[in-house]
Structure formats: C-alpha cells, structure tokens
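Fold and contact review
Residue strings, one per chain:
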Amino acid sequence: MSPSTRPAGRGNRLRVDGSDYEVDCLVFATGFEWNTPYVHKIGFDPVGREGVSLGEKWRNGPRTLHGVMTNGFPNLFIIPVPNSQSVVTENFAHSIQENAGHIAHIIAATAGQGMAAVEVTAEAEDEWCRIILQRRRDDAAFLEACTPGRSNSEGHPELRSPLNSNFGGDVFEFFGLLADWRDEGSLPGLHLSPR
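The residue numbers shown here count from 1 along each chain, following its written sequence. Confidence filtering applies because this is a predicted model: local features only for residues at pLDDT of at least 70, side-chain atom pairs given and counted only at 80 or more, and all residues used for totals across whole chains, interfaces and linings. Remark: hydrogens and water are excluded; side-chain values derive from all non-hydrogen atoms of the structure.

Core analysis: the largest hydrophobic core is formed by 20 residues, its most contacted members being Met69, Phe174 and Leu190. By the criteria applied, helices consist of DSSP H or I runs no shorter than four residues and strands consist of E runs no shorter than two, each listed in order from the N terminus. Of all elements in the fold, only α3 (92–112), β3 (117–120), α4 (122–135), α6 (171–184) and β4 (190–193) reach the threshold of two or more residues within this core. Looking at this core, the element that brings in the most residues is α6, giving five residues. Aside from chain neighbours lying at most four places away, what touches Phe174 is His66, Gln85, Ser86, Val87, Asn99, Trp128 and Phe167. Listed in part, the seven residues of the second largest apolar core include Tyr38, Leu54, Phe73 and Val81. Residues belong to a common nonpolar core when they are buried Ala, Val, Leu, Ile, Met, Phe, Trp, Tyr or Cys residues joined through side-chain atoms within 4.5 Å. Any residue under 20% of the maximum accessible area for its type is buried, any over 50% is exposed, and the rest in between are partly exposed; the area is computed with a 1.4 Å probe on protein chains only. The criterion used for residue contact is that any of the two residues' heavy atoms lie within 4.5 Å.

So, on to the pattern of salt bridges. Between Lys or Arg on one side and Asp or Glu on the other, a salt bridge is scored when a side-chain nitrogen of the former is within 4 Å of a carboxyl oxygen of the latter. Within the structure shown, the criterion is met by 10 salt bridges. Two residues, Arg13 and Asp20, come together in a salt bridge whose shortest N-O distance is 3.8 Å. Looking at Arg13, the relative accessible area reads 13%, which means it is buried. A salt bridge links Asp139 to Arg160; the shortest N-O distance between them is 3.3 Å. Of this pair, Asp139 sits in the loop between α4 and α5 (140–145) while Arg160 sits in the loop between α5 and α6, and the two are 21 residues apart along the sequence. The class for Asp139 is partly exposed, based on a relative accessible area of 27%. For Arg160, a relative accessible area of 17% gives the class buried. Bridged by salt links that share partners, the residues Arg13, Arg15, Asp20 and Glu22 form one connected network.

For the rest of this paragraph, the subject is α6. For a helix, the expected span equals 1.5 Å multiplied by the residue count minus one. Look at α6: 20 Å from first C-alpha to last across 14 residues, which is about the 20 Å you get at 1.5 Å a residue. Restricting attention to buried positions, one finds in α6 the residues Val171, Phe174, Phe175, Leu178 and Trp181. Take α6 and look down its axis: the buried residues cluster within an arc of 115°, on one side only. Of the exposed residues in α6, the ones pointing more than 90 degrees away from its buried face are Phe172, Asp180 and Asp183. Contacts from the buried residues of α6 go to α3, α4 and β4. For the purposes of these results, a polar contact is taken to be a pair of N or O atoms within 3.5 Å, where, inside protein, one atom must be able to donate a hydrogen and its partner to accept one; residues adjacent in sequence count only when each atom of the pair is a side-chain atom. The residue sitting at the N-terminus of α6 and contributing the capping side-chain oxygen is Asp170; that oxygen lies 3.0 Å from the backbone nitrogen of Phe172. Positive backbone phi, at 95°, marks Gly185, one or two positions downstream of α6. The directions from the helix axis to the C-beta atoms form the arc being described.

The structure is reproduced here in structure tokens:
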C-alpha cells in the first residue's frame, strides 16, 4: 500500500480533525507551565468548602497530601505537576500513571465502604507539608546563579514558596511510600463521609 492510500493512524501518518499528516516522531506532551500557580495551569479556580477557592488557599504554595488531595475540597483529585509536593520522573507519563493509580485506589476504597465523599484531614495535610519542607532540596543558590528563565521565576527564585517543592527523595522512595500507604488499608489521613 502506498503512503497516499495507507489508512490514517498507521505507519507514519496521523489523522487530526479529518486531515492526514505524515510524521517521523510523535511526542506525548501536556503543555504544562513550570512556575505558574496551579489554577492558572488548569484554567479555572475550584471552590471548596466555605467558598474558599483553590487559588486563595494555595496563594502561599500548595498544601496537599501526597500532591493529589487538599483539605477543604472533598472529592477533588489533582494530578501533580513539577514542584507540587510529588516527584518528577524522567518520563512524565510515568508520574501521571502512578498518581492516577493512587487516586483510583482512594476512589475505589471510598466507594467500597459505601461512602460518597473523601477529604484530607487538616492534620494529614499539615504533616505532609512538614515532610515536604523538611525533605525538599534547597536549590536556591543554583537558581540564583541561573540565567533568568522559567525555572527561577525569570530571575526571582525568592518568589517561589518553599511549599512549591518536590518530595526530597527519589521516585522509588516516593512511589514506595504511596504503595505502603495504600497497603496499610485504613486510608490514613482521610475523612470519609456518606455525603
């Protein structure tokens, strides 16, 4: 079959909006921004309990449990991006898959107990933030020496909250920590409710 008659989506052709394109390489990318507020990245500002928006709550940096949930926002799950209390992997799709699996476990366990809502307790969130601050890698000197760019807030690394940090251990430690948390079985740090 010649390239002009080969069905779209096979070989080196890609179909987008009814048009075929020849490609040599297809890169899976999310287009996320590096050091902008999370609500800017996602394009909206969720509102939680008592009318508090996520942007308002996180104005001084994210506050989460494992980077995927935040107190005051029941049933809101977050796929963490770099510098949001999770880890950065060499393959971003790997991080998405691990975090999505963690979230799916929480949802299944909540539903399995006949509950309709799940939320991080304030105490669990405070403890995770303490761990993030304690374990974070202090890269301030490096960022100050860099040419202004996205990694150092255009030459102003002091504008980035210390809470906008990754977990200080490696990916194996972090994903092991999540697995141990799931294996413990009681969903520690979460509050479940029937509505």
